[in-house]
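Inside the fold
The residues making up each chain are set out below.
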Amino acid sequence: MHTDTERCVRAVQSKDARFDGWFFTAVRTTGIYCRPSCPAVPPKVENMVFLPSAAACQQAGYRACKRCRPDTSPGSPEWNARADAVARAMRLIRDGVVDREGVPGLAARLGYSTRQVERQLNAELGAGPLALARAQRAQTARLLIETSDLPMADVAFAAGFASIRAFNDTVREVFALSPSELRTRSRCGRRAGEPRLPGVLSLRLPFRAPLNPDNLFGHLAATAVPGVEEWRAGAYRRTLRLPYGTGVVALTPRPDHIGCQLALTDLRDLTLAISRCRWMLDLDADPEAVDEQLRRDPLLAPVVDKAPGRRVPRTVDAAEFAVRAVLGQQVSTAAARTHAARLVRSHGEPVVDPDGGLTHLFPSPEALAGLDPEALALPRTRRATLTTLVGALADGSLPLGIDSDWQESRARLASLPGFGPWTVEVIAMRALGDPDAFLPSDLGVRRAAQGLGLPATPAALTARAAAWRPWRAYAVQYLWATDSHPINHLPA
């Protein structure tokens, strides 16, 4: 979008927050870059330069605006709506892969050479993988500086910097303030009544409005696996399995942000933990674009207008969700939770949660690989489906993650015994993040379609839903919302 100068100028002059994250405005005369909705007086048009990423701005020598804080804007919705190499690379960089595995590791995951990856990212984002990862490290460092009392050396290494000098130089270059000056400003601006809990990071996760939390948090709470997830004191809480350790997160819906409290055993996992939480809550979505497309169907429009801004509830672990999808085949939500809870008690890794009732991590595929099928209270065919899935996940023949090729993963899932269209599509929707995944055979979808006057048979509904592409996964959320099921309502 940054190449459409006229459209970008209109967005900046109207301070339109819908475009935050789509592009950034660099100002030649001041040497700063802003988000489109910056509250400052818009610069003269001839002084504006539009760039596609914060990394491109920093690489061009611009520093972040202190008023609008462009480094905290929601991510571009493109990276979650596309399946090409650039989008997959951005999802991996956002997860901290470059910090942990380097550019060669990123390229290997994508199946390209490092030169190809660098060329594609530079062509579209104006910055290579190292610059993009550096911009993310700067953002993580700022979060730790402003939301914790950690020594600066701990902040530097937790954010992914290789040295204190690189940390200091980057923070000064990006924010035009030293790390200690950033901390002083944050303490002066901290609101009264916002005490810090020892060992807990309190963050604000931004999103593009509107956001309807009902089905988002309602779904997560209604399907929560005891011991791994819970709804407590107005927050969805769950345990996290992370590269360097474990974590517990509490996510609370607020009118203008999502409150996030993170307790991590290793702060090097902060970048990934934030990324997974944003992914699970679909916070980088563009609800205006989604709802505008779905409103074009006259029968679906009233449902969208009634409660706009629905998101697709996803997962923090694709392998975990695939296992839970099999456990949930042809049973009620309560029965699926019961089956999952048994697996957790038998094979999950214990964790300590002094603030609630979380007791375990969901068992990894490796931990489930040796389970006895006869010990599962499931029909024989579903036992075979589960053990085959777990074996494929454990030996790496079925890689599932945010960087997965959606169509290739669908084909691999469909080749497993017991995997029909519903199971494949629900995994594509909630674990892989395909915004166009569709469930025409789902009972709730068919019942809602019939009630709205839409075709009720899977084939006819699929034909009608062609006009909803590429947002059919969001259409499923709106169709489900017509029912009174607990997944559509925030818990009391």
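Residues numbered from 1 in each chain as written. Predicted model: local features only at pLDDT ≥ 70, side-chain atom pairs only at ≥ 80, totals over all residues. Heavy atoms only, no water.

Looking at the overall build of the protein
Across its full length, the protein carries 23 helices and eleven strands. Computed over C-alpha atoms, the radius of gyration of the protein comes to 23 Å, within 12% of the 23 Å expected from 2.2 N^0.38 for 492 residues, which places it in the range of a compact globule. By its C-alpha atoms, the protein is 70 × 50 × 50 Å across when sized along the principal axes. Here the protein, with 492 residues, has 56% of them falling under the buried criterion. In the protein, the share of contacts with a sequence separation of at least 24, taken over all contacts with a separation of at least 6, comes to 67%. By element, 53% of the accessible surface of the protein is carried by carbon and sulfur atoms, the whole surface being about 20,400 Å². Between the centroid of the 61 positive side chains of the protein and the centroid of its 51 negative side chains there is a distance of 2 Å. (Helix = DSSP H or I, 4+ residues; strand = E, 2+ residues; numbered from the N terminus. Rg over C-alpha atoms; globule rule 2.2 N^0.38 Å. Buried < 20%, exposed > 50% of the residue type's maximum accessible area, 1.4 Å probe, protein only. Contact = heavy atoms within 4.5 Å. Areas by Shrake-Rupley, 256 points an atom, 1.4 Å probe, with all protein chains shown as cover. Lys, Arg positive; Asp, Glu negative; His and termini not counted. Charge placed at Lys NZ, Arg CZ, Asp CG, Glu CD.)

Section: the environment of A138
As for its position among the elements, A138 is in helix α7 (residues 129-147). In this structure A138 comes out as buried when scored by relative accessible area, which is 0%. Each residue touching A138, except ones within four places of it in the same chain, is listed here: F161, T170, V174 and F175.

Points about helix α21 (residues 443-452)
All buried positions along α21 are accounted for by V445, A448 and A449. When α21 is viewed along its axis, its buried side chains cluster within an angular range of 100° and face the same direction. Away from its buried face, by an angle of more than 90 degrees, α21 presents the exposed residues L443, Q450 and G451. Next to the buried residues of α21 lie α22 (458-464) and α23 (472-480). The residue sitting at the N-terminus of α21 and contributing the capping side-chain oxygen is D442; that oxygen lies 2.9 Å from the backbone nitrogen of G444. Residue G453 follows α21 closely and has a positive phi angle near 85°. (Arc of directions from axis to C-beta. Polar contact = N/O pair within 3.5 Å; in protein donor to acceptor, adjacent residues only side chain to side chain.)

Structural notes on the nonpolar core
L294, V323, L389, I427, M429 and W468 are the most contacted members of the largest nonpolar core, which has 61 residues in total. Among the elements that make up this core, the one with the highest residue count is helix α15 (residues 318-327) (eight residues). For W468, the residues in contact, after removing those within four places along its chain, are Q293, L294, D297, L300, F438, L454, L461, A475 and L479. Core analysis: the next-biggest nonpolar cluster, separate from the first, contains 50 residues, A158, L211, L220 and L251 among them. (Core = buried A, V, L, I, M, F, W, Y, C linked by side-chain atoms within 4.5 Å.)

Remarks on the sheet that holds strand β9 (residues 258-264)
With antiparallel pairing, five strands are arranged side by side in an open sheet as β5-β9-β8-β7-β6. Looking at which strands have only one partner, the edges of the open sheet turn out to be β5 (201-205) and β6 (229-232). Neighbour-to-neighbour, the strand axes of the sheet open up by a mean angle of 25°, direction not taken into account. Taken together, the seven bridges between strand β8 (residues 246-253) and β9 define a ladder with antiparallel strand orientation. Bridged to V249 within β9 is L262. (Pairing = 2+ DSSP bridges. Axes fitted to C-alpha atoms, helices over the stretch in contact; angles between N-to-C directions.)

Some points on the side chain of T315
Relative to the helices and strands, T315 is located in the loop between α14 (301-306) and α15. Polar side-chain contacts of T315 include one of 3.2 Å to the backbone oxygen of D317. With residues near it in sequence (within four places) discarded, T315 still touches W279, M280, F321, R430 and A431.

Some details on helix α20 (residues 421-430)
Summarising burial for α20: eight of the ten residues are buried, a large majority. Buried within α20 are the following residues: T423, V424, E425, V426, I427, A428, M429 and R430.

Structural notes on the pattern of salt bridges
Tallied over the entire structure, the rule returns 37 salt bridges. The partner of E6 in a salt bridge is R10, and the shortest N-O contact between them spans 3.3 Å. Of this pair, E6 and R10 both sit in helix α1 (residues 5-13), four residues apart, roughly one helical turn. Assessed through its relative accessible area of 58%, E6 is described here as exposed. On the basis of relative accessibility, which here comes to 48%, the residue R10 falls in the partly exposed class. Here R82 ties to D84 by a salt bridge, and the two come within 2.7 Å at their closest N and O atoms. For D84, a relative accessible area of 30% corresponds to the partly exposed category. (Salt bridge = Lys/Arg side-chain N within 4 Å of Asp/Glu carboxyl O.)

Thoughts on the pairing of β5
Residues L201, L203 and L205 line the buried face of β5, whereas the alternating positions S202 and R204 sit on a face that is not buried. Examined bridge by bridge, β5 and β9 share five bridges and lie antiparallel to one another. Bridged to L201 within β9 is L262.

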